[in-house]
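# Fold and contact review
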Amino acid sequence: MFGFVHLYNGQEAVSSGIIKTLRPGNDYVCSTYRDHVHALSAGVPPKEVMAELFGKSTGCSKGRGGSMHLFSEEHRLLGGYAFVAEGIPVATGAAFQSKYRREVLGDDSADQVTACFFGDGASNNGQFFECLNMAALWKLPIIYVVENNKWAIGMAHDRATSQPEIFKKASVFNMAGVEVDGMDVLAVRAATQEAAARARAGEGPTLIEALTYRFRGH
């Protein structure tokens, strides 16, 4: 497809390894503007995804979201977001409400884990640092997933950040941080299993840096 469709070619092992390891229809997924593959992994029917890309009323966002704003309440897909790092506060809020419902309201079914996807460029934005700080403070059940494809929109990663190993930034917040081969779906799955178990046990968030590569342009 042409136009504003931000392709995901090359990064599929991250989407599959993370989302397919979580509980479909129960755990939350918060995406970026490369959200159509995350939507497919979350179980949104391909016909609804394709219809949304074409702006049709039969799409999962009724044709109003287009390629960057897929949303599905049924599949716990919290949406795609056009601005870099825009989804991080949304995902952090979703994780907070799960913890609040469980611990304050006594809802034992509120054991959801939230997966929050964003790129290497977003790890230099303010929302990233603010939300990781809050999530670590409150031990929120969230997995922050950095899909490090090396190029953000167009800037080489090593030229854009003073610490290229993003997973190490987790240590500042006393948070678990791991680096994983984002081209190996089984390695991603194993890292997600550990992170999800940690979150459900009340041990707080994890920052997963998945090293991947995008085969097409921005």
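The preceding data block contains the structure.
Residues numbered from 1 in each chain as written. Predicted model: local features only at pLDDT ≥ 70, side-chain atom pairs only at ≥ 80, totals over all residues. Heavy atoms only, no water.

## Some points on the sheet that holds strand 3 (residues 142-148)
Spatially, 5 strands are ordered 1-2-3-5-4 in an open sheet, and the strand pairing comes out parallel. Here the strands that pair on one side only, and so sit at the sheet edges, are strand 1 (28-30) and strand 4 (176-181). Neighbour to neighbour, the strand axes of the sheet diverge by 20° on average, direction disregarded. When strand 4 meets strand 5 (residues 206-211), the two strands line up parallel, connected through 6 bridges. Paired with Gly177 across the bridge in strand 5 is Leu207. (Pairing = 2+ DSSP bridges. Helix = DSSP H or I, 4+ residues; strand = E, 2+ residues; numbered from the N terminus. Axes fitted to C-alpha atoms, helices over the stretch in contact; angles between N-to-C directions.)

## Some remarks on the layout of surface pockets
A volume near 270 Å³ is recorded for the largest pocket. Together, 24 residues line the largest pocket, and Thr32, Tyr33, Val84, Phe118 and Gly119 are the ones closest to its centre. Where the lining of the largest pocket is concerned, the elements lending two or more residues are helix 4 (87-103) and strand 2 (114-119). Per-element accounting of the lining of the largest pocket gives the leading share, 4 residues, to strand 2. (1 Å grid on protein atoms, 1.4 Å probe; cavity = no way out; pocket = protein on both sides within 12 Å on 5 of 7 lines; lining within 4 Å. Points joined across faces, edges and corners; volume = space filled by probe spheres on them.)

## Brief notes about the packing of helix 4 against helix 5 (residues 126-138)
How two helices pack is summed up by the angle between their axes together with the distance between the axes. Following both chains from N to C, one finds helix 4 and helix 5 inclined at 10°, their axes separated by 9 Å at the closest point. Taken together, the axis directions place helix 4 and helix 5 in an arrangement best described as roughly parallel. In the packing of helix 4 onto helix 5, the handedness of the crossing is left-handed. Each of Ile88, Pro89, Thr92, Phe96 and Lys99 in helix 4 lies in contact with helix 5, whose residues at this interface are Gln127, Phe128, Cys131 and Trp138. Of the residues assigned to the contact of helix 4 with helix 5, the class counts are 6 nonpolar, 2 polar and 1 charged. (Parallel < 35°, antiparallel > 145°, perpendicular 65-115°, else oblique. Left-handed = near helix turned anticlockwise from the far one by under 90°. Contact = heavy atoms within 4.5 Å. Nonpolar A, V, L, I, M, F, W, Y, C, P; charged D, E, K, R; others polar.)

## Let's talk about the pattern of salt bridges
When their charged atoms lie close together, side chains carrying opposite charge are able to pair. For the structure on display, the rule yields 5 salt bridges. The partner of Asp107 in a salt bridge is Arg101, with the nearest N and O atoms 3.4 Å apart. When its relative accessible area of 25% is taken as the criterion, Asp107 is described as partly exposed. Given a relative accessible area of 21%, Arg101 falls into the partly exposed group. (Salt bridge = Lys/Arg side-chain N within 4 Å of Asp/Glu carboxyl O. Buried < 20%, exposed > 50% of the residue type's maximum accessible area, 1.4 Å probe, protein only.)

## What about the side chain of Thr192?
Along the polypeptide, Thr192 turns up in helix 7 (residues 185-200). Taking relative accessible area as the criterion, Thr192 reaches 0% and is therefore assigned buried. If we skip the residues at most four places from it in the chain, Thr192 touches Gly17, Ile18, Thr21, Leu22, Ile143 and Ile208.

## Some words on the packing of aromatic side chains
Enumeration over the complete set of coordinates arrives at 5 aromatic pairs. When the ring of Phe96 is compared with that of Trp138, the centres are 5.5 Å apart and the planes differ by 50°; the resulting orientation is tilted. Highlighted residues: Phe96 in helix 4 and Trp138 in helix 5, separated in sequence by 42 residues. Note on Trp138: relative accessible area 41%, which makes it partly exposed. One aromatic cluster is present, formed by Phe118, Phe128, Phe129 and Tyr144 through successive ring pairs. (Phe/Tyr/Trp six-rings, centres within 6.5 Å; stacked < 30°, edge-to-face > 60°.)

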